[in-house]
Amino acid sequence: MARQKKQPVDNAFALFDVIYQDGARTSNRKVPTADIDQFDRENSIRTFIEAQDRKIAEMSGNPRGPIKSITPSA
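One structure accompanies this document, and this report is about it. (Residues numbered from 1 in each chain as written. Predicted model: local features only at pLDDT ≥ 70, side-chain atom pairs only at ≥ 80, totals over all residues. Heavy atoms only, no water.)

## Looking at the nonpolar core
Counting residues in each nonpolar core, the largest one holds 9 residues, listed as Ala14, Phe16, Val18, Tyr20, Val31, Ile36, Ile45, Ile49 and Ile67. Considering each element in turn, this core owes the most residues, 4 residues, to strand β1 (residues 13-20). Excluding anything up to four places from it in sequence, Ala14 contacts Arg29, Lys30, Val31, Thr33 and Ile36. (Core = buried A, V, L, I, M, F, W, Y, C linked by side-chain atoms within 4.5 Å. Buried < 20%, exposed > 50% of the residue type's maximum accessible area, 1.4 Å probe, protein only. Helix = DSSP H or I, 4+ residues; strand = E, 2+ residues; numbered from the N terminus. Contact = heavy atoms within 4.5 Å.)

## Let's talk about unusual backbone geometry
Negative phi is the rule for most residues except glycine; trans is the rule for most peptide bonds. At Asn28, a position not held by glycine, the phi torsion is positive, near 55 degrees. Mapped onto the elements of the fold, Asn28 is located in strand β2 (residues 25-32).

## Focus: the pattern of salt bridges
Enumeration over the complete set of coordinates arrives at 2 salt bridges. Across the pair Asp53 and Arg29 runs a salt bridge, and its minimum N-O distance is 2.9 Å. A residue pair is termed long-range when its members are at least 10 positions apart, and Asp53 in helix α1 (residues 41-60) and Arg29 in strand β2 qualify at 24 residues. By the burial criterion, Asp53 is buried, and Arg29 matches it. (Salt bridge = Lys/Arg side-chain N within 4 Å of Asp/Glu carboxyl O.)

## Describing the sheet that holds β1
Spatially, the 3 strands line up as an open sheet ordered β2-β1-β3, and their pairing is antiparallel. Strands with a single pairing partner mark the edges of an open sheet, and in this sheet they are β2 and β3 (67-72). Neighbouring strand axes in the sheet, compared pairwise and without regard to direction, differ in orientation by 35 degrees on average. Taken together, the 6 bridges between β1 and β2 define a ladder with antiparallel strand orientation. When the sheet's bridge partners are listed, Phe16 is paired in β2 with Arg29. Set on the sheet, α1 makes contact with β1, β2 and β3; between it and β2 the angle comes to about 110 degrees. (Pairing = 2+ DSSP bridges. Axes fitted to C-alpha atoms, helices over the stretch in contact; angles between N-to-C directions.)

This is the structure in structure tokens:
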């Protein structure tokens, strides 16, 4: 009986710096490249980071403000 090979998993991440409307900044936010839509890149990145922010706010009780801009980390 032959062993079945596992499908390769995309473990790559893209890093982004996020600036919020209140002036706060977070650096090197990880977004899995598999979750980035190549046709609507900006919106898919923003959606993923906003979901991360909601989860963090839920755990800490300290909500984040709206995102002003997202740029790739250097």
